[in-house]
Amino acid sequence: MIDILVAGWLSLINPGEFPDSNLLLGWNQSSDYVISRTESPESIKKVQVRCNKTNIWPTHPQQYTKEYHYAVWSHYDHGRLSVSSPACLRPNPANRFCVMATYANVVFMSDLYNDECGNTYRGYWIVNFLKSDETMGTLFAKGRTVYPKPNSEYEGEFITGDTYQIQVSDFLFFSDVTSADREAIRMSQDGARKEGYRSSNFQWKRP
């Protein structure tokens, strides 16, 4: 039997977000992510955003407080997949059927945010992606960025970037923050200021 925790997260998945979703072969729990919280979505005490404005901003620029709640993947029935499907990675030599397909991923995540009335929340969202389309930014926390590190001696080295505005509608739901969350926000903001960040109108920017 599928336990309550798993069933709760699975109920939030919309397979229609994927191409040829009728050829997905069921969801398997992923071991690619460190799951930091184990509650079901039903057990999370959800709150409404307490502000008449719909803009939401990260509480700090770093990605450290991002959490993974649940993650699954699914194979395609590649034998029935069209060679023109975005999910088909390799057709047969005659280009008549698909011999290798990517797989679908769903990840449930959360991080810490402010509304424009000064209230703080943990916001939860879902990321749907094909493994073949995954980039470094696929699992960035909403509203947070990284930049290539100037004059880096290592290729592909990045630093924390600026934050940007997102919307209430970009999230599944919100919960109130814990005392540990508030301490993490304080420490992250202190660290950002030491790096030269400035916060203005809820946005964090490098000088």
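Residue numbers restart at each chain and count upward from 1, following the sequence in its written direction. Reporting of local features is limited, given that this is a predicted model, to residues whose pLDDT is at least 70; pairs of side-chain atoms are given and counted only at 80 or more, and all residues count toward the totals for whole chains, interfaces and linings. Each side-chain value is worked out from all heavy atoms of the structure, with water and hydrogens disregarded.

For the purposes of this analysis, a disulfide is any pair of cysteine sulfur atoms at a distance within 2.5 Å. Overall, the coordinates contain two disulfides when judged by the stated rule. Residue C51 pairs covalently with C117 via a disulfide, S to S 2.1 Å. The S-S bond linking C51 to C117 shows a torsion near 70°; that makes this disulfide right-handed. Residue C51 is found in the loop between β2 (46–47) and β3 (55–58), and its partner C117 is found in the loop between β7 (104–115) and β8 (120–130); the two are separated by 66 residues along the sequence. Here C88 pairs with C98 through a disulfide, and the sulfurs are 2.4 Å apart. Between C88 and C98, the S-S dihedral sits near 110°, and the bridge is therefore right-handed. Pair noted here: C88 is in strand β5 (residues 88–91) and C98 is in strand β6 (residues 98–101), with a separation of ten residues, a long-range link. Judged by relative accessible area, C98 falls into the buried class, the value being 1%. Helix and strand definitions here come from DSSP, where helices need a minimum of 4 consecutive H or I residues and strands a minimum of 2 consecutive E residues; each element is numbered from the N-terminal end. In this scheme, a residue with accessible area under 20% of its type's maximum is buried, one over 50% is exposed, and one in between is partly exposed, where area comes from a 1.4 Å probe on protein chains only.

Time to look at the packing of aromatic side chains. Between the rings of Phe, Tyr and Trp (Trp by its six-membered ring), a pair exists once the centres lie within 6.5 Å; its type follows the angle of the planes, with under 30 degrees stacked, over 60 edge-to-face, and the other angles tilted. The full count for this structure, using the stated rule, is ten aromatic pairs. Ring geometry for Y121 versus F174: centroids 5.6 Å apart, planes at 65°, classification edge-to-face. Placement of Y121 in strand β8 and of F174 in strand β12 (residues 173–176) is noted, with a sequence separation of 53 residues between them. Taking the relative accessible area as the measure of exposure, Y121 reaches 0% and is therefore buried. Of the residues examined, F174 reaches a relative accessible area of 4% and is grouped as buried. Seen in terms of ring centroids, F171 and F174 are 4.8 Å apart; in terms of plane orientation they differ by 45°. Their pairing is tilted. Take F171 and F174: they sit in the same class, and that class is buried. Among the aromatic residues, ring-to-ring pairing joins Y113, Y121, W125, F171 and F174 into one connected group. Only when the NZ atom of a Lys or the CZ atom of an Arg is both within 6 Å of the ring centre and within 35 degrees of the ring normal do we say a charge sits over the ring. Here K46 stacks its cationic end above the ring of F173, 4.8 Å away from the centre of that ring.

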